[in-house]
Amino acid sequence: MKEMILTIIGCVGSAIAGFFGGWSSGLTTLLIFMALDYITGLVVAGVFHASPKSETGTLESRAGWKGLVRKGMTLLIVLIGCRLDMLLGLNYIRDALVIAFILNEVISITENAGLMGVPMVKPLKDAIELLKDKTDDTTADGK
């Protein structure tokens, strides 16, 4: 039974890696940072009650679910980039998307650290505020 379960897990893992054009350190890093962002978000809401994602600042299942859906969409976009690379005979669209999403996760982790009270240097704080403002502007315009 154990061998059967391990075989199934291995086949599913191989299929997923194949869809992404093979497994790379970039994908591993992205998944690690996604997990860290999700965990730090849970800590901000569950321990510090300072989450901007809920009205009370505490844990909310709907906000957690939205976060997981967003992370799933991130992986879907990386998958699309990988398939475009294969279709066009390129090898940089997936990597560019992975790097962009890693940077996004780093910003989010840093923001969560700030909500926990971890001191941040002013240039980093300013950069996060600038990026948040730009995101708010594009969201308000619907673009």
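Scroll up to find the structure.
Bear in mind that the values here come from a model prediction, so they are computed numbers and not experimental data. (Residues numbered from 1 in each chain as written. Predicted model: local features only at pLDDT ≥ 70, side-chain atom pairs only at ≥ 80, totals over all residues. Heavy atoms only, no water.)

Peer 1: Where do I start with the overall build of the protein chain in this structure?
Peer 2: Secondary structure summary: the protein chain contains five helices and zero strands in total. Each helix (α) and strand (β) of the protein chain, taken in turn from the N terminus, gives the series α-α-α-α-α. The principal-axis extent of the C-alpha atoms belonging to the protein chain is close to 45 × 40 × 30 Å. Every one of the 143 residues in the protein chain was classed for burial, and the buried ones make up 21%. Contacts in the protein chain between residues far apart in sequence, at least 24 positions, make up 59% of those at least 6 positions apart. In the protein chain, the 13 positive side-chain charges and the 14 negative ones have mean positions that sit 2 Å from each other. (Helix = DSSP H or I, 4+ residues; strand = E, 2+ residues; numbered from the N terminus. Buried < 20%, exposed > 50% of the residue type's maximum accessible area, 1.4 Å probe, protein only. Contact = heavy atoms within 4.5 Å. Lys, Arg positive; Asp, Glu negative; His and termini not counted. Charge placed at Lys NZ, Arg CZ, Asp CG, Glu CD.)

Peer 1: Explain the nonpolar core here, please?
Peer 2: Within soluble globular proteins, side chains that are nonpolar tend to cluster in buried spots. Membership of the largest hydrophobic core is limited to eight residues, which are Phe20, Leu27, Leu30, Met34, Val78, Val98, Phe101 and Ile102. Among the secondary structure elements, those contributing two or more residues to this core are α2 (25-46) and α4 (93-115). (Core = buried A, V, L, I, M, F, W, Y, C linked by side-chain atoms within 4.5 Å.)

Peer 1: How should I be thinking about the packing of α2 against helix α3 (residues 61-88) in this particular structure?
Peer 2: Relative placement of two packed helices is described by the angle separating their axes and the distance separating the axes. At their nearest, the axes of α2 and α3 sit 11 Å apart, and the two run at 170 degrees to each other. Here α3 runs roughly antiparallel to α2, going by the angle between their axes. Facing α2, whose interface residues are Leu27, Leu30, Leu31, Met34, Asp37 and Tyr38, α3 presents Gly64, Leu68, Lys71, Thr74, Leu75 and Val78. Here the residues of the contact of α2 with α3 are counted per class, giving eight nonpolar, two polar and two charged. (Axes fitted to C-alpha atoms, helices over the stretch in contact; angles between N-to-C directions. Parallel < 35°, antiparallel > 145°, perpendicular 65-115°, else oblique. Nonpolar A, V, L, I, M, F, W, Y, C, P; charged D, E, K, R; others polar.)

Peer 1: It is not clear to me how α3 should be interpreted in this structure. Could you clarify?
Peer 2: Since the α-helix packs 3.6 residues into each turn, any two residues three or four apart lie on the same face. The end-to-end C-alpha separation of α3 is 41 Å, in line with the 40 Å expected for 28 residues at 1.5 Å each. When α3 is considered as a whole, its buried residues turn out to be Gly64, Gly67, Lys71, Thr74, Val78, Gly81, Cys82 and Asp85. Looking at the buried positions of α3, the neighbouring elements they touch are α1 (2-19), α2 and α4. Gly89 sits one or two positions beyond α3 and adopts a positive phi of about 70 degrees. (Expected span 1.5 Å × (residues − 1).)

Peer 1: It is not clear to me how the pattern of salt bridges should be interpreted in this structure. Could you clarify?
Peer 2: Where side chains of opposite charge bring their charged atoms close, a pairing between them can arise. Applying the stated criterion across every chain, the model contains four salt bridges. As a salt-bridge pair, Lys71 and Asp37 come within 2.7 Å of each other at their nearest N and O atoms. Taken as a pair, Lys71 in helix α3 and Asp37 in helix α2 lie far apart in primary sequence, 34 residues in all. Given the relative accessible area of 14%, Lys71 is considered buried. (Salt bridge = Lys/Arg side-chain N within 4 Å of Asp/Glu carboxyl O.)

Peer 1: Please clarify how α2 should be interpreted in this entry.
Peer 2: With 22 residues, α2 extends 31 Å from end C-alpha to end C-alpha; this agrees with the ideal 32 Å at 1.5 Å per step. Listed as buried for α2 are Leu27, Leu30, Met34, Asp37, Thr40, Val44 and Ala45. In a view along the axis of α2, the buried residues occupy a sector of 155 degrees, so they form one face of it. Elements that come into contact with the buried residues of α2 comprise α3 and α4. (Arc of directions from axis to C-beta.)

Peer 1: Just checking my understanding: could you explain unusual backbone geometry for this structure?
Peer 2: When glycine is set aside, most residues are seen to have a negative phi, and most peptide bonds are trans. Notably, His49 is not glycine yet its phi reads approximately 50 degrees, a positive angle. Structurally, His49 can be placed in the loop between α2 and α3. Judged by relative accessible area, His49 falls into the partly exposed class, the value being 47%.

Peer 1: So what exactly am I meant to see when it comes to the environment of Gly22 here?
Peer 2: With respect to the secondary-structure elements, Gly22 resides in the loop between α1 and α2. Taking the C-alpha atoms as reference, Gly22 lies 9.6 Å from Cys82; in sequence the two are 60 residues apart. Sequence-distant contacts of Gly22, defined by excluding residues within four places in its chain, comprise Ala17, Leu27 and Arg94.

From the geometry alone we can't say anything about function, so treat these as descriptive.
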